[in-house]
Amino acid sequence: MKKTAIIIGATGLTGGILLKKLLKDPTYGTIKLFSRSSVENSDPKIEEHLIDMFELEKEQENFKADEVYVCIGTTKGKTPDKQTYKKIDKGIPVAAAKLSKLNNINTYLVISALGADANSSVFYNKVKGEMQEEVLAQKVPNTYIFQPSLISGDRDESRFWENVAKKAMSVLNVFMIGGLKKYRSIHPDQIADAMKWVANNGFDKQVLESDEIIEISNK
């Protein structure tokens, strides 16, 4: 029997790549997308639910699958209001974890960030850390948190300083060895590959740092 997967954030960079990979995989029969805007793809495997993402908890009836992939996230530049930022980067992933628990979905995967820490004085890291704690508190059996470093790749929107950092990291990556390997920039294709592999094969850790994500993506 073919599997059903849910993707939250399929209109984004990593989520869009993940969607393409799942569509090509004959293991999956249905890919449910929950988003505020369409991916504009007519593939018969896709089942789109265009909703207010801040009201995801109302979607319990439709939120049924074998796996849930949460690839949603924003930036300070795109979402300067801290409360809205928190509702996106923390509220939506936590709501998805709660629905997974309610509907007995046993595999839940979410993209966080390297350095996530609920006790951090840095707002971004603190929000990601709080999200991780609340997601894990739902006790979905196979929960995996992916903590990538700076994500390379081209986005639709302009992020000047992020692009500067990406160019710098492309030069510095070669010098990051040993314990510094986890700080190397990572391509979204590697994240998508690792998420898909872990969903289908499992892993012995719930929290995967950037260098581990790269290793798994090569399997």
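Structural data are supplied above this passage.
Keep in mind that what you see is a predicted model, and the values were worked out from it rather than measured.

A word on the side chain of serine 120
Link 1 in the chain: Relative to the elements of secondary structure, serine 120 occurs in the loop between β5 (107–111) and α3 (123–137).
Link 2 in the chain: Polar side-chain contacts of serine 120 include one of 3.0 Å to the backbone nitrogen of valine 122.

Things to note about the packing of aromatic side chains
Link 1 in the chain: For the coordinates displayed, the defined rule picks out three aromatic pairs.
Link 2 in the chain: Between tyrosine 85 and phenylalanine 123 the ring centres are 5.5 Å apart and the planes differ by 55°, which places this aromatic pair in the tilted class. Of this pair, tyrosine 85 sits in helix α2 (residues 82–102) while phenylalanine 123 sits in helix α3; the two residues are 38 residues apart in sequence, bridging distant segments of the chain.
Link 3 in the chain: Overall, phenylalanine 123 belongs to the partly exposed group, its relative accessible area being 23%.

What to know about the nonpolar core
Link 1 in the chain: Counting residues in hydrophobic clusters, the biggest one holds 30 residues, and the most contacted among them are Ile7, Ile31, Tyr69 and Phe146.
Link 2 in the chain: Listing elements by their share of this core, those giving two or more residues are β1 (3–8), α1 (13–24), β2 (28–35), β5, β6 (142–147), α5 (188–201) and α6 (210–217).
Link 3 in the chain: Looking at which element gives the most residues to this core, the answer is α5, with six residues.
Link 4 in the chain: Excluding its chain neighbours within four sequence positions, the residues that come into contact with isoleucine 31 are Ala5, Ile7, Leu19, Leu22, Leu23, Lys45, Ile46 and Glu47.
Link 5 in the chain: One finds Ile8, Phe34, Leu99 and Met131 within the second-largest nonpolar core, a separate group that totals 25 residues.

Each value, and the rule that gives it
Residues numbered from 1 in each chain as written. Predicted model: local features only at pLDDT ≥ 70, side-chain atom pairs only at ≥ 80, totals over all residues. Heavy atoms only, no water. Helix = DSSP H or I, 4+ residues; strand = E, 2+ residues; numbered from the N terminus. Polar contact = N/O pair within 3.5 Å; in protein donor to acceptor, adjacent residues only side chain to side chain. Phe/Tyr/Trp six-rings, centres within 6.5 Å; stacked < 30°, edge-to-face > 60°. Buried < 20%, exposed > 50% of the residue type's maximum accessible area, 1.4 Å probe, protein only. Core = buried A, V, L, I, M, F, W, Y, C linked by side-chain atoms within 4.5 Å. Contact = heavy atoms within 4.5 Å.

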